[in-house]
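This is what each chain is made of:
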Amino acid sequence: FLLKSRPGGWNWIFVIGMGIFLASPVLGEAIYWGDDIYFHLNRILGIAQGMQDGQFPVRMNYFFNYGYGFINPILYPELFLYIPAFFCILGASIFTSYKIFILLINITAAIVSYSSFKGLFKDEKKGLLCTFFYLLIPYRIANFYARAAIGEALAAIFLPLLFLGVYEL
C-alpha cells in the first residue's frame, strides 16, 4: 500500500515482483543441485554451528574435512552467508534458509539494478527495461540454478552500481 501511493510506486512493485518471479524455481519443493551447492551449504551450516557455539565471527568451520575443520574466511569471504546462517539458528532447515537467501539476493539485485539504471538513464521506463534485461542475463541465472555460485550471484548485485559510478565520474 505504501509503495502504490508514492510516485513511481508501481515501478517498485513491478521490480520486486521480477525479483520474486526469478527466484520462483528455487522456492518450490525441489532444490537445484549446482556444482558448488554442497560447499556453500556446509559453509552456512558451519557458520550457524559456530555462532551457536559462541564464535563471532566464525573462523573455523567444523563441517569440512570429516570434522577436522577448514578455515574458510581466509579464502572465501562469509559476510553475506551470516544471513542464511541466522535463519538456520532461528530453526529453519538449511534448504529453507538457502531458498530465502536466494530470494533476498534476487530482490536486492532487482532493487539495486532499477535504482542504478534509473539514475543512469534519468528515465523510469528505460530503468525498468534495463532492469528486466539485466535480471534475465543467462550467466546470472546460471549462477543460481546450474552452478550454485553464491559469490558470483552476490557480485552481480553490485554490477549496475559500478555502471552508475563510472557514469557519475
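Okay, so let's go over this structure. Quick caveat, the model's predicted, so the values are computed rather than measured. (Residues numbered from 1 in each chain as written. Predicted model: local features only at pLDDT ≥ 70, side-chain atom pairs only at ≥ 80, totals over all residues. Heavy atoms only, no water.)

### A closer look at the overall build of the protein
Counting its secondary structure elements, the protein contains nine helices and zero strands. In sequence order, the protein lays out its α and β elements as α-α-α-α-α-α-α-α-α. In terms of principal-axis extent, the alpha carbons of the protein reach across some 55 × 35 × 30 Å. Counting the 169 residues in the protein, one finds 39% classified as buried. If you take every contact in the protein between residues at least 6 apart in sequence, the share linking residues at least 24 apart comes to 62%. Of the roughly 9800 Å² of accessible surface on the protein, 70% is carried by carbon and sulfur atoms. Across the protein, the mean location of the 11 positive side-chain charges is 10 Å away from that of the 9 negative side-chain charges. (Helix = DSSP H or I, 4+ residues; strand = E, 2+ residues; numbered from the N terminus. Buried < 20%, exposed > 50% of the residue type's maximum accessible area, 1.4 Å probe, protein only. Contact = heavy atoms within 4.5 Å. Areas by Shrake-Rupley, 256 points an atom, 1.4 Å probe, with all protein chains shown as cover. Lys, Arg positive; Asp, Glu negative; His and termini not counted. Charge placed at Lys NZ, Arg CZ, Asp CG, Glu CD.)

### Overview of the packing of aromatic side chains
In this structure the tally under the stated criterion is six aromatic pairs. Pairing Phe 86 with Phe 87 gives two aromatic rings, centres 6.4 Å apart and planes at 55°, and the pair type is tilted. Owing to a relative accessible area of 44%, Phe 86 belongs among the partly exposed residues under this scheme. Residues Phe 132 and Phe 133 carry aromatic rings whose centres are separated by 5.5 Å and whose planes lie at 65° to one another, so their mutual orientation is edge-to-face. Residue class for Phe 132 comes out partly exposed when judged on its relative accessible area of 35%. (Phe/Tyr/Trp six-rings, centres within 6.5 Å; stacked < 30°, edge-to-face > 60°.)

### A closer look at the side chain of Ser 116
Structurally, Ser 116 can be placed in helix α6 (residues 94-121). The contacts of Ser 116, once residues within four sequence positions are left out, are Pro 160, Leu 161 and Leu 164.

### Focus on the pattern of salt bridges
As enumerated under the stated definition, the model contains three salt bridges in all. As a salt-bridge pair, Arg 43 and Glu 78 come within 3.7 Å of each other at their nearest N and O atoms. Linking Arg 43 in helix α3 (residues 37-52) with Glu 78 in the loop between α4 (72-75) and α5 (82-89), this pair joins segments that are 35 residues apart in sequence. Considered together, Arg 43 and Glu 78 belong to a single accessibility category, that of buried residues. Between Lys 122 and Glu 168 there is a salt bridge, and its shortest N-O distance comes to 3.8 Å. One end of the pair, Lys 122, is in the loop between α6 and α7 (124-135); the other, Glu 168, is in helix α9 (residues 150-168), and 46 residues separate them in sequence. Residue Lys 122 is classed as exposed on the basis of its relative accessible area of 58%. Take Glu 168: its relative accessible area is 52%, and that puts it in the exposed class. (Salt bridge = Lys/Arg side-chain N within 4 Å of Asp/Glu carboxyl O.)

### Structural notes on unusual backbone geometry
Among all residues save glycine, negative phi is the norm, and among peptide bonds the norm is trans. Residues other than glycine seldom take positive phi values, yet Lys 122 does so here, at roughly 55°. One non-glycine residue, Ala 148, lies in the positive phi region at around 55°. With respect to the element layout, Ala 148 can be found in the loop between α8 (138-145) and α9.

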